[in-house]
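Spelled out, the chains give:
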Amino acid sequence: MPDTPDETLHLPRGVLSRIRESDAGQMSQAVTASLEHLKPWMPWATPQAASMEAQRTHSREAEEAWDAGSDYIYVL
């Protein structure tokens, strides 16, 4: 298994952090606020996908994928 990337990446204009289930509330708010902008580009951008439960599920799955070494998903 390859080395796991850093959980936090400091960039010149922001910080990328490993997504956690605890991020679900902020992710839900961000997706909800951006739905109209996201819709043309991201077919998953629906009110259902923006819900707290959907974001909690997504975050939990992202954590599991990270731990399995298959995907490394960050939030800005």
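About the thresholds
The residue count restarts for each chain, going from 1 along the sequence in the order it is written. Local features are withheld for residues below a pLDDT of 70 in this predicted model, meaning they are given only at 70 or higher, and side-chain atom pairs are given and counted only at 80 or more; totals for whole chains, interfaces and linings count all residues. Note: side-chain values were computed over all heavy atoms of the structure, leaving out hydrogens and water. Strands pair, by our definition, only if DSSP identifies at least two bridges between them. Labels follow the DSSP assignment, with helices taken as runs of H or I lasting at least four residues and strands as runs of E lasting at least two, numbered in each case from the N terminus. Any helix carries an expected span of 1.5 Å times its number of residues minus one. We call a residue buried when its accessible area falls under 20% of the maximum for its residue type, exposed when it is over 50%, and partly exposed in between, using a 1.4 Å probe and counting protein chains only. Directions drawn from the helix axis to the C-beta atoms are what define this arc. Note on definitions: a residue-residue contact is assigned when non-hydrogen atoms from the two residues lie within 4.5 Å.

> Before we move on, could you go through the sheet that holds strand β1 (residues 8-11) and cite the residues and values that matter?
Spatial ordering of the open sheet is given by β1-β2-β3, a layout of three strands whose pairing is antiparallel. Unpaired on one side and paired on the other, β1 and β3 (74-75) mark the two borders of the sheet. Strand direction decides the pairing type here: β1 and strand β2 (residues 14-18), joined by four bridges, are antiparallel. Considered in β2, the bridge of Leu9 is made with Leu16.

> Give me the lowdown on helix α3 (residues 52-68), citing residues and values where you can.
Taking 1.5 Å of rise per residue, 17 residues should cover 24 Å, and α3 covers 24 Å from first to last C-alpha, within 8% of that figure. Taken residue by residue, α3 has Gln55, Ser59, Ala62, Glu63, Ala65 and Trp66 as its buried positions. Viewed along the axis of α3, the buried residues span an arc of 165°, placing them on a single side of the element. Structural note: α3 exposes Glu64, Asp67 and Ala68 on the side pointing more than 90 degrees away from its buried face. In this structure, the buried residues of α3 make contact with β2, α1 (24-38), α2 (47-50) and β3. Gly69 lies just past α3 and shows a positive phi near 80°.

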